[in-house]
Amino acid sequence: MASTPEPEDGRELYALLHLSPDASDEEIRRAYRQYAQIYHPDKYQDPQMKEVATENFQRISDAYEILSDENKRQIYDIYGMEGLNSGLELGPKLTKPEEIKEQLERLRRRKEEEKLFAHARRNGSIIANFSVPQYLDGYGIMEGMGMSSEVELPVSKQNTVVVGGNLVVNGSEGTGAASTVLRHQLSSVSSIEFMATAGLRSVIGMQTSRQISPHSTATSGLAVSLRDGSINLSNAWTRQLSENAVGNIQLVLGNESSVSVGWQKKDEKGTATGEIKFGTNFVGATAHYVHRFSSKSQARVAGRVGSTALDFEIGGGRQISEFSTVRMMYNIGIQGVSWRFELHRAGQKLIIPVLLSTDLNALFVTSAFAIPSTLYFLLQTYVVKPYYLKREKQKTLEKMEGLSTQLTEARKAAKKAQILLEPVSNRKKNRQLENNGLVITKALYGNRKKIKESGEFNEIDDVASQVFDVTIPLNFLVTEAGQLKLHEGIKKSGIMGFYDPCPGDPKLLLVEYTFHGRKYKVMVDDYEALLIPQDIHQF
């Protein structure tokens, strides 16, 4: 059976009622009655107090409804509130533990399948070729067009289906193809693919890949043409040369036999790639380097040389939104001088190559590079960069304001919950004082660093809502026998009268208390158990 996912809400309902995840039905009822006596709205006449009581009474009632129902509690323990809110139901007919577990396992598999189908990836591209020389000769400016699309659909954890197709039009001629790939993960280190293509080049084939060592991978493939029966064999070896460098060798045997050696190095600032390829009727080498100025802008330099190609390319790109990137490239080679514009958005690409001239005139070549480059840097410096800096600053401010508002509201709610706890908390505290028992004198919950500073310098301070005073709720939780226990594995911000003053940061709980006339102090992590009094806490 697959492992059970842990709930993501820190078992908040258990924290709210101050219960262990292993609590019995009687303990759940007792905890509910304790809080219901405090927060029942009928106890309060003041409208504001009644409103606070109603809100918190609803919270503990909802928690009791879930934890007191065996089926709902099992769903909550496995899936958290997400499982309950998504409509998972076990049904009234399931009473045996094994039946409930079986149904939960089916629900878990269903959720996994839904996640798999939600992760389908779609990729596509449109290429529109324009030619200025062709237009000047009296023909249309568009030289050709191509479209391709691909959908990658996981059908299970081990199997993925990829379906794609493409159409190409060049002048008055056109062609197209459709392809299907089934990818099966044999193990954590090996996979196999089956492929079929129909169109101008109808091919069937298969490819296997295996990790043969921690740093090496081998791939072998076989492809058979359905038009002439020709067979192509391919083998590739990839090896991790260093922490950020990879090398590969590929051998292809068939109508177009070749051998190639490649290399790639990637770090935070850039990526460099090179390849040398020898074939039966050609030889060539390619290299390119991408330099990242920031997480949103980059420059690219590339070159190709060989028996069939000779060109040089330079350009750059910038991310203009969360999912969109634009690029512009300048190319000079034996084909002539051209620009290429690209728009990438969420797996879709629009590529527009524009052939400017087939003549390599020095003045034209220089102008074709200098003019757009100058315009780009002017726009980048005086328009684009200031705009994005302003927008990022605005987004950061809005995010900070939103988080600050949420924390302020959560803190107010915790303060209100403490107001209703305070009378009972004070009565318990006074009884403990009369008996020389356990009294919480100071309790702080919040940012780990600030809590430690507060403990070292013996200061109490709610600085910028990073630390919160929880003395009242902890005195409320002290038992008649003079003990306080916080359960392991339960996030403390869920305790009634607490809140999370620093989401995402490590947190500590600092408790100073007196017992039998002596002073004690202890600090525990957010999910760590706490049992007091103990002699080791004395100072």
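Residues numbered from 1 in each chain as written. Predicted model: local features only at pLDDT ≥ 70, side-chain atom pairs only at ≥ 80, totals over all residues. Heavy atoms only, no water.

Asks: Can you lay out the overall build of the chain for me, pointing to particular residues and giving the numbers?
Replies: Across its full length, the chain holds nine helices and 23 strands. Long-range contacts, defined here as pairs at least 24 residues apart, represent 42% of the contacts in the chain between residues at least 6 apart. Total accessible area on the chain stands at roughly 32,300 Å², and carbon and sulfur atoms take up 56% of it. (Helix = DSSP H or I, 4+ residues; strand = E, 2+ residues; numbered from the N terminus. Contact = heavy atoms within 4.5 Å. Areas by Shrake-Rupley, 256 points an atom, 1.4 Å probe, with all protein chains shown as cover.)

Asks: Which residues make up the pairing of strand β6 (residues 203-213), and what values do they have?
Replies: The sheet contact formed by strand β5 (residues 190-199) and β6 spans eight bridges and is antiparallel. Bridge pairing in β6 links Ala196 to Ile204. Adjacent in sequence and paired antiparallel, β5 and β6 are bridged by three residues. Hairpin connection between β6 and strand β7 (residues 216-225): a loop of two residues separates the two successive antiparallel strands. (Pairing = 2+ DSSP bridges.)

Asks: I'd like a rundown of the packing of helix α2 (residues 25-39) against helix α3 (residues 47-67), residues and numbers included.
Replies: At a minimum axis distance of 9 Å, the contact between α2 and α3 shows a crossing angle of 170°. One finds that α2 runs roughly antiparallel with respect to α3. In this structure, α2 contributes Ile28, Arg29, Tyr32, Tyr35, Ala36 and Tyr39 to the contact, and α3 contributes Ala53, Thr54, Asn56, Phe57, Ile60, Ser61, Tyr64 and Leu67. Split by residue class, the contact of α2 with α3 holds ten nonpolar, three polar and one charged. (Axes fitted to C-alpha atoms, helices over the stretch in contact; angles between N-to-C directions. Parallel < 35°, antiparallel > 145°, perpendicular 65-115°, else oblique. Nonpolar A, V, L, I, M, F, W, Y, C, P; charged D, E, K, R; others polar.)

Asks: So, the UniProt feature "coiled-coil region" (unreviewed entry) in the chain: which residues are in play, and what are the values?
Replies: Mapped onto this numbering, the UniProt entry gives "coiled-coil region" (unreviewed entry) at residues 393-420. As a span, residues 393-420 carries 100% helix and 0% strand, and end to end its C-alpha atoms are 41 Å apart. (UniProt positions renumbered as here; feature names shortened; annotations may be inferred.)

Asks: Talk me through the pairing of strand β18 (residues 439-447); I want residue IDs and the actual numbers.
Replies: Burial analysis of β18 places eight of its nine residues in the buried class, the great majority of the element. Taken together, the eight bridges between β18 and strand β21 (residues 507-515) define a ladder with antiparallel strand orientation. Looking at the pairing, Asn447 lines up with Lys507 of β21. Sheet topology places β18 next to strand β19 (residues 467-469); three bridges connect them, and they run antiparallel. In the strand pairing of β19, Leu444 is matched with Asp469. (Buried < 20%, exposed > 50% of the residue type's maximum accessible area, 1.4 Å probe, protein only.)

Asks: For α2, give the residues involved together with the corresponding values.
Replies: Over its 15 residues, α2 extends 21 Å from the first C-alpha to the last, a length consistent with the 21 Å expected when each residue adds 1.5 Å. For α2, the complete set of buried residues consists of Ile28, Ala31, Tyr32, Tyr35, Ala36, Ile38 and Tyr39. Along the axis of α2, the buried positions cluster into a sector of 155°, meaning they face one direction only. (Expected span 1.5 Å × (residues − 1). Arc of directions from axis to C-beta.)

Asks: Requested: an account of the nonpolar core, with residues and values cited.
Replies: Formed by 59 residues in total, the largest nonpolar core has its most connected members in Tyr39, Ile60, Ile440, Leu474 and Leu509. Other than its neighbours up to four places away in sequence, Leu474 contacts Ile440, Ala443, Leu484, Leu486, Phe498, Leu509 and Val511. Counting residues in hydrophobic clusters, the runner-up holds six residues, among them Val337, Val354, Leu356 and Val365. (Core = buried A, V, L, I, M, F, W, Y, C linked by side-chain atoms within 4.5 Å.)

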